[in-house]
Number of protein chains: 2
Amino acid sequence: MKSKFPLIILLPCSFAAAQTRPVDNLVQYVKPIIGTQRMGHTYPGATVPFGMVQLSPDTDTLSYEQNGAYNKDVYKYCAGYQYDDKTIVGFSHTHFSGTGHSDLGDFLIMPTVGALQLNPGTADKPLSGYRSAFSHSNEVAEAGYYKVKLDDDHITAELTATARVGLHQYTFPASDKSHIILDLMHGIYNYDAKNVWTYVQVVNDSLVTGYRQTNGWGRTRTVYFAMSFSKPFKHYGSKDYSDKQVYRGFWRKFNQEDNFPELAGKKLRMYFDFDTRQDEKILVKFALSPASSAGALLNLRTELPGWDFEQVKQQAQQAWQHELEKIMITAKDTEAKENFYTSLYHTFINPTTYMDVDGNYKGLDQNVHKAEGFTNYTTFSLWDTYRALHPFFNLVQPKRNADMMQSMLAHFNQTALHMLPVWSHYANENWCMTGYHSVSLLADAVVKGNAPFDVNKALDACVTTASNRWFEGVGYYIDKGYVPEDKSGASVSKTLEYAYDDWAIAQMAKKLNRMDVYNTFIKRAGYYKNVFDASTGFMRPRLSDGSFKKEFDPLDTEGQGFIEGNAWNYSLYVPQAPDSLIAMMGGRKRFAAHLDSLFTMELPDKYFEHTEDITRDGIIGNYVHGNEPSHHVVYLYNWTGMPWKTQERVRMILKHQYHTGPAGLGGNDDCGQMSAWYLFSTLGFYPVAPGSDEYAIGSPAIDKAVITLENGNTFTIEAQNQGDNNVYVKQLLLNGVPYNKYTIRHADIVKGGKLVFVMSNKH
Amino acid sequence: MKSKFPLIILLPCSFAAAQTRPVDNLVQYVKPIIGTQRMGHTYPGATVPFGMVQLSPDTDTLSYEQNGAYNKDVYKYCAGYQYDDKTIVGFSHTHFSGTGHSDLGDFLIMPTVGALQLNPGTADKPLSGYRSAFSHSNEVAEAGYYKVKLDDDHITAELTATARVGLHQYTFPASDKSHIILDLMHGIYNYDAKNVWTYVQVVNDSLVTGYRQTNGWGRTRTVYFAMSFSKPFKHYGSKDYSDKQVYRGFWRKFNQEDNFPELAGKKLRMYFDFDTRQDEKILVKFALSPASSAGALLNLRTELPGWDFEQVKQQAQQAWQHELEKIMITAKDTEAKENFYTSLYHTFINPTTYMDVDGNYKGLDQNVHKAEGFTNYTTFSLWDTYRALHPFFNLVQPKRNADMMQSMLAHFNQTALHMLPVWSHYANENWCMTGYHSVSLLADAVVKGNAPFDVNKALDACVTTASNRWFEGVGYYIDKGYVPEDKSGASVSKTLEYAYDDWAIAQMAKKLNRMDVYNTFIKRAGYYKNVFDASTGFMRPRLSDGSFKKEFDPLDTEGQGFIEGNAWNYSLYVPQAPDSLIAMMGGRKRFAAHLDSLFTMELPDKYFEHTEDITRDGIIGNYVHGNEPSHHVVYLYNWTGMPWKTQERVRMILKHQYHTGPAGLGGNDDCGQMSAWYLFSTLGFYPVAPGSDEYAIGSPAIDKAVITLENGNTFTIEAQNQGDNNVYVKQLLLNGVPYNKYTIRHADIVKGGKLVFVMSNKH
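What counts, and at which threshold
Every chain begins its residue count from 1, and numbering advances along the sequence as written. Chains and ligands are labelled by the order in which they are written, letters from A for the one and numbers from 1 for the other. Predicted model: local features are reported for residues with pLDDT of at least 70 only, side-chain atom pairs are reported and counted for 80 or more only, and whole-chain, interface and lining totals are derived from all residues. To get the side-chain values, all heavy atoms of the structure are used, and hydrogens and water are removed first. Two rings from Phe, Tyr or Trp (for Trp, the six-membered ring) form a pair when their centres are within 6.5 Å of each other. A pair whose planes differ by under 30 degrees is stacked, one over 60 is edge-to-face, and the rest are tilted. For the purposes of this entry, the term helix denotes a DSSP run of H or I that reaches at least four residues, the term strand denotes a run of E that reaches at least two, and both are numbered from the N terminus. A 1.4 Å probe rolled over the protein chains alone gives each residue an accessible area, and that area as a share of the maximum for its type sets the label: buried under 20%, exposed over 50%, partly exposed in between. The rule is short: NZ of Lys or CZ of Arg within 6 Å of the ring centre and within 35 degrees of the ring normal puts a charge over the ring. Where helices are involved, their axes are fitted lines through C-alpha atoms of the stretch in contact, as for all axes, and angles between N-to-C directions lie from 0 to 180°. Our angle categories are set so that under 35 degrees counts as roughly parallel, over 145 as roughly antiparallel, 65 to 115 as roughly perpendicular, and the remainder as oblique. Should the near helix be turned anticlockwise from the far one by less than a right angle, the crossing is left-handed, and should it be turned clockwise, the crossing is right-handed. Residues are treated as being in contact if the distance between any of their heavy atoms lies within 4.5 Å. Polarity classes work like this: nonpolar for Ala, Val, Leu, Ile, Met, Phe, Trp, Tyr, Cys and Pro, charged for Asp, Glu, Lys and Arg, and polar for all others, with Gly in that last group. Each domain span listed reflects an automatic or database assignment of domains. Put simply, buried area is how much 1.4 Å-probe accessible surface two parts lose in total, over both of them, once they are put together. By convention in these notes, a salt bridge is any Lys or Arg side-chain nitrogen within 4 Å of a carboxyl oxygen on Asp or Glu. Two N or O atoms count as a polar contact when they lie within 3.5 Å, although within protein this holds only if one can serve as hydrogen donor and the other as acceptor, and sequence-adjacent residues are included solely when both atoms are side-chain atoms. The pLDDT value tells you how sure the predictor is about a given residue, anywhere from 0 up to 100. Only residues with pLDDT of at least 70 in both copies contribute their C-alpha atoms to the least-squares superposition of the copies. Whether two strands pair comes down to DSSP finding at least two bridges between them. Here a helix's expected span is defined as the number of its residues, less one, multiplied by 1.5 Å.

## Details of the packing of aromatic side chains
Counted under the stated rule, the structure contains 119 aromatic pairs over all chains. With centroids separated by 6.2 Å and ring planes inclined at 65 degrees, the aromatic side chains of Tyr145 of chain A and Phe309 of chain A adopt a geometry described as edge-to-face. A residue pair is termed long-range when its members are at least 10 positions apart, and Tyr145 of chain A in strand β9 (residues 145-150) and Phe309 of chain A in helix α4 (residues 309-324) qualify at 164 residues. Taking relative accessible area as the criterion, Tyr145 of chain A reaches 4% and is therefore assigned buried. The exposure class assigned to Phe309 of chain A is buried, which follows from its relative accessible area of 2%. Positioned above the aromatic ring of Phe548 of chain A is the side chain of Arg542 of chain A, whose terminal nitrogen or guanidinium carbon lies 5.5 Å from the ring centre. The cationic tip of Lys239 of chain B hangs over the ring face of Tyr241 of chain B; the distance from NZ or CZ to the ring centre is 5.4 Å.

## Section: the packing of helix α9 (residues 438-447) of chain A against helix α12 (residues 491-511) of chain A
Residue and element names in this part refer to chain A. Interhelical geometry of α9 versus α12 gives an angle of 30 degrees and a closest axis separation of 8 Å. One finds that α9 runs roughly parallel with respect to α12. Judged by the twist between their axes, the crossing of α9 over α12 is left-handed. Contact with α9, carried on its side by Val439, Ser440, Leu442, Ala443, Val446 and Val447, involves Tyr500, Asp501, Ala504, Ile505, Gln507, Met508 and Lys511 of α12 and no other residues of that element. Of the residues that constitute the contact of α9 with α12, the class distribution is nine nonpolar, two polar and two charged.

## A few points about the domain arrangement of chain A
Residues and elements named next belong to chain A. On domain assignment, one finds that chain A holds domain 1 (30-323) and domain 2 (326-760). The C-alpha-based centres of domain 1 and domain 2 are spaced at 34 Å. Of the residues lining the interface, 55 residues belong to domain 1; the matching set on domain 2 comes to 53 residues. For the pairing of domain 1 and domain 2, the buried interface totals around 4500 Å² over both sides, and the portion due to carbon and sulfur atoms is 57%. Its largest share of buried area at the contact with domain 2, domain 1 owes to Ile34, Phe50 and Glu323, together 20% of the area lost on that side. Salt-bridge contacts for Arg400 lead to Glu323; the nearest nitrogen and oxygen are separated by 3.1 Å. One can count 26 residue pairs in polar contact (both at pLDDT 80 or more) joining domain 1 with domain 2. Of all the elements in the fold, those that place two or more residues in the side of domain 1 that touches domain 2 are β15 (221-229), β19 (280-289), α3 (293-303) and α4.

## A short note on the confidence of the model for chain A
Residue and element names in this part refer to chain A. Across chain A, pLDDT averages 94, with 96% of residues at or above 70. In this model residues 1-19 is a low-confidence stretch, pLDDT under 50, and it forms 29 contacts with partners more than four residues away in sequence or in other chains. The complex model carries a pTM of 0.96, and its ipTM stands at 0.95.

## Section: the relation of the copies chain A and chain B
In the superposition of chain A on chain B (RMSD 0.0 Å, axial shift 0.0 Å), the rotation amounts to 180 degrees. Such a combination of rotation and displacement between the chain copies is what one expects of a two-fold axis. By C-alpha distance to the rotation axis, the residue of chain A lying nearest is Val196 of chain A, at 3.3 Å. A shared binding surface is used by both copies, with 100% of the interface residues of chain A retained as interface residues in chain B.

## Points about the pattern of salt bridges
Under the defined criterion, the tally for this structure stands at 62 salt bridges over all chains. Of the charged contacts, one joins Arg524 of chain B and Asp502 of chain B as a salt bridge, the two residues approaching to 2.9 Å between their closest N and O atoms. Residue Arg524 of chain B is located in helix α13 (residues 515-524), and its partner Asp502 of chain B is located in helix α12 (residues 491-511); the two are separated by 22 residues in the primary sequence. Neither residue differs from the other here; Arg524 of chain B and Asp502 of chain B are each classed as buried. Linked through salt bridges whose partners overlap, the residues forming this network are Asp103, Asp106, Lys194, Arg212 and Arg221 of chain A.

## A look at the sheet that holds strand β34 (residues 714-720) of chain B
Strands belonging to one sheet form pairs held by backbone hydrogen bonds; the direction of such a pair is parallel or antiparallel. Residues and elements named next belong to chain B. With respect to topology, six strands assemble into an open sheet ordered β20-β33-β34-β38-β35-β36, the strand pairing being mixed. Since the sheet does not close on itself, it has two edges, and those belong to β20 (327-330) and β36 (737-738), each with one partner. Note that β20 and strand β33 (residues 704-708) share four bridges and pair antiparallel. Among the inter-strand pairings, Ile327 is bridged to a residue of β33, identified as Ile707.

## Some words on α12 of chain A
Residue and element names in this part refer to chain A. The end-to-end C-alpha separation of α12 is 30 Å, in line with the 30 Å expected for 21 residues at 1.5 Å each. Within α12, 19 of the 21 residues are buried, which leaves the element mostly enclosed by the surrounding structure. The positive-phi residue at the C-terminal boundary of α12 is Asn513, with phi of around 60 degrees.

## What about the sheet that holds strand β38 (residues 753-760) of chain A?
Strands sit in the order β20-β33-β34-β38-β35-β36 (chain A) across an open sheet of six strands; the sheet is mixed. Because the sheet does not close on itself, it has two edges, and the strands there are β20 (327-330) and β36 (737-738) of chain A.

## Points about the pairing of strand β33 (residues 704-708) of chain A
All names here are of chain A. Burial along β33 is one-sided: the residues Ala705 and Ile707 are buried and none of Lys704, Val706 and Thr708 is. Both β33 and strand β34 (residues 714-720) contribute to a ladder of five bridges, which runs antiparallel. From the neighbouring strand, Ala705 faces β34, where its bridge partner is Ile717. Following β33, the chain reverses through five residues before pairing antiparallel with β34; Gly712 in that reversal takes a positive phi of roughly 95 degrees.

## With respect to the side chain of Asp106 of chain A
Residues and elements named next belong to chain A. Take Asp106: it is sitting in the loop between β5 (90-92) and β6 (108-113). The exposure class of Asp106 is buried, given its relative accessible area of 0%. Within polar-contact distance, the side chain of Asp106 engages the side chain of Thr94 at 2.6 Å. There is a polar contact of 2.7 Å between the side chain of Asp106 and the side chain of Arg221.

## Topic: the pairing of strand β14 (residues 207-214) of chain A
Residues and elements named next belong to chain A. Counted residue by residue, β14 has eight buried out of eight residues, so it is predominantly covered. Side chains Leu207, Thr209, Tyr211 and Gln213 project from β14 onto one buried face, and the interleaved Val208, Gly210, Arg212 and Thr214 project onto a second face that is buried too. Where strand β13 (residues 195-204) folds back onto β14 in an antiparallel hairpin, the turn is made up of two residues. Of the strand pairs in this sheet, β14 and β15 are connected by eight bridges, and their pairing is antiparallel.

## Topic: the interface of chain A and chain B
Frequently, the measure chosen for interface size is the accessible area that the parts lose on association. Across the contact, 51 residues belong to chain A and 51 residues belong to chain B. Around 4700 Å² of area is buried between chain A and chain B when both sides are counted, 55% of it from carbon and sulfur atoms. For the side of chain A that touches chain B, the secondary structure elements donating two or more residues are β13, β14, β17 (262-265) and α3 of chain A. Broken down by element, the side of chain A that touches chain B gets its largest block of residues, six residues, from β13 of chain A.

Written as structure tokens, this is what we have:
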């Protein structure tokens, strides 16, 4: 697929005038289709940077449960779209980008023509329902724009968005039976009981408002909407698919299926009828709100007052261009640019804006709050994103990252659980994965000087969070120095992650001169030692009696005391103290040999085939790049005195794991974490231990990058002579001065300047 | 039962000082127990005038459905309490007063001691659950105060309230196993699917907040709460009774049943544990909000900052005293005073306050609105209350009634249905009964000069409401001049009520000089003629072909074209044009004879035994006083030249239908309509056609009444020589001048003055 959109021409004068040099159209390099096949779990639809609306086609969603049991097939539909599918069910307004569990898919819209069908039908029989066959040859997916031809009814669908409003443009054939369907039952990871309630008002012949409340991954989640049509509908109707348990009372007096303007129930589908001329375009604005339908209407009227689709699309793409320009790269081939700018695109999707234009949003306590002085964000996939995404934001999106920190602190203040978020979305804690990695984000922001909020209160929140004895073995961890496997599963992962998180708290405390906190948590930061089994050389689960668990297979990911990783990978998870880890594991040489084995050994399928998040796509030897726990591992060679191994293997991973095309990602993008790893590594450095202001040096994979910082400085990276064979760093020059370290400080980057890598084919 | 509470002593100085004459303690005459046995459907618990909280014991609630079918037994539990029951389930915070269908019963609290029981148990085996046996000898029910001893666990429960906060005081025995249960599943007219969702936060060791969302008579109803304990609980827990369809996801990681502070689900019960000394009192404040749990907390902290139960009780009873003093009566016996002031109490319960102290409330569109310049009310049982309750308010509660009108207009603006309320509660239209009687309330307020709002917009709302062709046969009514029985059932009731309502709109239009509207609606006001069947002398259902329905039994209430009334009663429903009705029915003499027959004939049981709202208790001959359609009927004798028959029969009805004691009411009090009939009739006049400013003269049943009007005037009624035998009005004197009419104008009353009835035993 090739973008035919000449963005540069569409940039308004003010935009062009502000630039002192000709600016490349970077939007052309963004390929939202990357990751939509197999395991990437990205979506191809339209969104603006960090937008509340992610308007995207769903090719299927499936039910989370089948015959009362978990339906494994639902996993491939985490983002609603799978490239290999032949039909599109419709276009819904909320999608996670790259997650390995899911929710959302709210408010599916589908245009149809002919006899009304209110059921979606099935993929094998698209004519059995409102869904339609489509072909990738008629599909365009750009940053902020999506277009597809719906073959069944010869309708062209185009999508774009503002931050809070999706804009649909449907080009119909001539018909007196044209419909636009609003499916309020549809959802990702749906199942029978997910819809808790829906409420709809048809305010007039072109405006509909309401909400949908669900009980899914988000336990108590309500999304409000306001929907406006460019042309009045001539008739509308609905069908309530609720089971018999929904009480209807005296509402039974009325035929609510036909032009009835106030509806409520668990399972509603609606339709709106039009007469259309050949090629007549009907536009639908669909605004969301986390607070109220009044808020959705306010968002709609504020952000998208007109009906000019092209203009809204231009604005969306200008917004992307503006963000993408934060890093201008020079690369030899288009593929490198597509990988780079699509990664940048993927990192700038989540977390998502979660407040109305007036600052209102619903908090964890289900009350409406107003964000004062910050933009409230949601969708914090923290087990993934603390590693590289938020450190990346501290570099290129510091203002937004600080707002995200404030959003997490608001979460803390609104919940009765005394916890910072673990994995949160839409005013819900969903508890996915392990650790309390919010503290890592806060520490990283504080240590890097990007914390314009009450940092002592933030530290208190971290301490409170890390002191919840009821949380996943924390009580045992505090008392014994490790989580006993017989008390809380995945005990080694938990122990290692808590120890790292505690180190992050200690760094923050040190920066704030809160030495009592520092002393407590720096001690806890060493608890990784308590799960190291010298007899096997691996981290290994211990029981509450102090003994190591007898049965132990360091290659297996299941039931071994780890989560989504085996002992081979997780044993390397001491990012806060590589030197100590290396010593513990037998010294530099032996440790480097262990790493070599990790990358080169052969791992039989049986060891990961039951773990959804780990597939052959994401594996190199026994190193699992497609999932997060090992993302720092390749940089550990730097501590063994063999940095060239970091350099060559980083390049190998970049080559192996990131491609253009729908199948381009080796694993779930995980809200941008996989992409953030790509970006850091391509630029030549990586944050091994967020909470430190040092990055580990790797091997830059582009010729040049100019990072424009929000403080007005620029930091230029030049990789002289780099190429597929020239992956070794022969010399480093920081601001023209030879530089002999394999780390670089964040503070040195944000001062502005130039880092030159002189590359070679020899180390 | 006798109140031992010496209220007069407790009145603070400011209260006493404001009075220039010694004031009787009127609260002592209020007997909330009246109507709690059989059909009254009142509740004995604590509430303040028009308060949001109605904190009252529930002796049972039953399920609305049993084995998939309507459970007839649920009807007796419309108010949660039946006098004959031997056990109390607990104390819940919301109750309708006197309705014939139900909902509410939110947030049941029950104190217990010993082994924890989280199920309520059954009435026949109270020890099987948390409910308790009780005895009326240990029960005190006063205005604003309720007390009972719970025999099972030897706990004394006392209840009082502010407008938005219920206050519980439980006196425990010594125990280390004292519990306070919060049952979030409990409800009136409950059934399996009624609970849509509940959400709870245990904020700290003495504060709990959350909400309960139901789908019952109120289709989409959410009530928020904040609950505060006078003593920290030592432990708490919960149990989720949700069926398997509720998705729990990663929350399964935690034991949410034990000290877990954030809960959500369909069916929750909670408990809070205490150690108690002998006779230790634990108090619970329980605040409600229609907007948010933050609003509930604001209400709690604003209205009830302290923990002084006696003081709150005093304030509640002072509030009642203040309202009751609006009519000071002189009567020979205590029974008359108890009947009068209990009726006054019952009229001052509904509609109920429906906004937070800051004016926030949730509207029909499910958005939070702020009431600007008025108090927002809910619970509009309009088919009942347009007849006498709201006219009564225009006399003695004009400010509140004007606010109620504004509440109805806000409802109109918030719904997409383009309808004023029919029967509304808690931001819901529940569609109970027939007609669009909001227009009668608005017309009555406008015609009586009690409409401090945009009256032209109000008229527009009335016209729009009466023009909804989809509503219950209105389209046919507009086109044909009557509702055809084959198109919409209860067609005669509907036609007659629409015609009256339309007359009311016409009166309002005339007052506003909107003659186009007047002309349209005064024509529609005559449509009652279209359902009169001269051949039988009754109103009779017509079919769409214009013919009268063949099968017709004017005594039957079922399937005859009427709702909750038979042709005998409903044929008299032309309050807007008695003269015309009388002429149509054969002239004054024949009409009077028809009325005589109505009151004296014998109606076999079979004619009403299938109608819940009509029982032998409420019937005199074939005249049904226990239900509303005939409430004006006895006053129609005035138009036949035989006013003495009005006089004697009014007294007969007062005697027959209103008594002290639990079984004192002959039918559902219907949110005060039955009581308002009593009050008007006891005072000697009645609003036959609200929307007119004339009252029909009857026969006063007290010696003297002084009505203190809000404009500062007083209007005194003196009934010289009245008594059980002296029921006939020999002479009338208005302000000392002989008065020869059988009507009196509202304007003449509110000017202040004195109306003397000289009574006699002869007419």
